[in-house]
Amino acid sequence: MYSQNPVFIPGPTNMPEILRKAVDMPTLDHRSPLFGQILHPALAGVKKVLKSENAEIFIFPSTGTGGWETAISNTLSPGSQVLAARYGMFSHRWIDMCERHGLEVEIIEAPWGSGLPADRYEEVLTADKSHRIRAVLVTHNETATGVKSDVAAVRRALDAAQHPALLFVDGVSSIGSMDFRMDEWGIDVAVTGSQKGFMLPAGLAIVGFSPKAMAATAKATLPRTFFDIRDMAGGYANGGYPYTPAVGLLNGLKLSTELLLSEGLESVFARHHRIASGIRAAVKAWGLRLCAHSENLCSDTVSAICTPEGFNATEIVAHAARKYDVAFGVGLGEVAGRVFRIGHLGSLTDVMALSGIATAEMVMADLGLDVRLGSGVAAAQNYYRGATTSKIQAAA
Ligand SMILES: *Cc1c(COP(=O)(O)O)cnc(C)c1O
């Protein structure tokens, strides 16, 4: 029922005690001024985490998936054309959502394990002289394959083609953990949820809209009610919500942004990079390879690890849960059974990461894989001994 072990899934992530306590609140009247004292600092904190001066932040009782729907339904109309690439389960699901909303999706297929093909985006955008494409979709960090993509390169592609399409970025598994620059990269809608980089329970869809995306909402005719940002903006203007907010989660979000900003975003990113590098050193020592096709594509929040041909990687996840009470992530979609995933985002330290590596080793040895106990742990230890330059670790 309950374990003291950390989880190693790429969301929901481990919760610092201080955030668990912040979420646990007595009932509060969300129409009282007290609520504004929670809401407005949370909105301001999110804006800073997104590195935006101009974005309007909206927070719905939902999850990241609801954030996708907020992006689409507030800015587009039935039959609007969007450009997207499919290179993993999350980019696939976003495309599926667009299709189910009656959008016309121009899909670029890319191998799972590769990043977003920005050069192909540029070709398609350049060819679209009449500017029929209204929005360009990017999954910044493909959580299924452990691959990060270059959002700035997509912005350059849009600019090179002098194309006015909106740029939507799914940052669900990158925001608050990996470098993310809403304004600098010219992102029009940024999407995330509460249960990944923000280290909270699931339950909030968190989105940022640029002024250009805000302007697009007036003309958009896709049906929307629950996720209508005009209603939400109206609520905020009166210090409240158009319906009942998830007050405890918002209180947690307020504190979460304070923790991230007081650790310093660059330190948070460096910590994730360091922890991820140790895990990558372990994978190498095991003689295994990552699903990510090259080093520069490796995500700092999740590693998808390929198991040898003929071995069912899902067994690793099942055995780890059964015998050691530790959660790893299964392979999804096209890579189901071929990879297992170690999530390493949120509230995590080098020391916690070592326990995950050690557990994965025990599991693989139990299942007869040719992995020497201690090999990955030693590789990660060597990395962490040299790389730990700061005592600042996951908050509280
Ligand atoms: C987790 C995740 C989602 C889905 O978010 P939910 O909160 O589960 O709806 C979307 N995109 C990416 C990249 C994710 O990692």
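These figures come from a predicted structure and were not determined experimentally.

Criteria and cut-off values
- Per chain, residues are indexed from 1 in the order of the written sequence.
- With pLDDT at 70 or above as the cut-off, local features in this predicted model cover only qualifying residues; side-chain atom pairs require 80 or more to be listed or tallied, and sums for whole chains, interfaces and linings still use all residues.
- To obtain the side-chain values, all non-hydrogen atoms of the structure were used and water was disregarded.
- Exposure is judged per residue with a 1.4 Å probe applied to protein chains only, and the accessible area is read against the type maximum: over 50% gives exposed, under 20% gives buried, and values in between give partly exposed.
- The numbering of helices and of strands both runs from the N terminus, where a helix is a DSSP run of H or I of at least 4 residues and a strand a run of E of at least 2.
- Strand pairing follows a simple DSSP-based rule, namely that at least 2 bridges must link the two strands.
- Confidence of the prediction at every residue is given by pLDDT, a number between 0 and 100.
- Whether two residues are in contact is decided by their heavy atoms, any of which lying within 4.5 Å being enough.

## Describing the pairing of strand β9 (residues 204-209)
Next, step 1: When you tally the buried positions in β9, you get six out of six residues, the bulk of the element.
Next, step 2: Alternating positions in β9 separate into two faces, Leu204, Ile206 and Gly208 on one and Ala205, Val207 and Phe209 on the other, with burial throughout.
Next, step 3: Both strand β1 (residues 56-61) and β9 contribute to a ladder of six bridges, which runs antiparallel. Bridging across to β9, Ile59 finds its partner in Ile206.
Next, step 4: Direction of pairing for strand β8 (residues 189-193) relative to β9: antiparallel, over a ladder of five bridges.

## A look at the sheet that holds strand β10 (residues 289-290)
Each strand in a sheet pairs with its neighbour through backbone hydrogen bonds, running either in the same direction (parallel) or in the opposite one (antiparallel).
Next, step 1: With antiparallel pairing, four strands are arranged side by side in an open sheet as β10-β11-β13-β12. Of all strands in the sheet, those bounded by a partner on one side alone are β10 and β12 (329-330).
Next, step 2: Two strands pair when backbone bridges link them, and β10 and strand β11 (residues 302-306) are joined in this way by two bridges, in the antiparallel orientation. Residue pairing in the sheet places Leu290 in a bridge with Ile305 of β11.

## Considering the confidence of the model for the chain
Next, step 1: Per-residue confidence for the chain gives a mean pLDDT of 96; residues scoring 70 or more make up 98%.
Next, step 2: Confidence over residues 391-396 falls short of pLDDT 50; this stretch has 18 contacts with residues more than four positions distant or in other chains.

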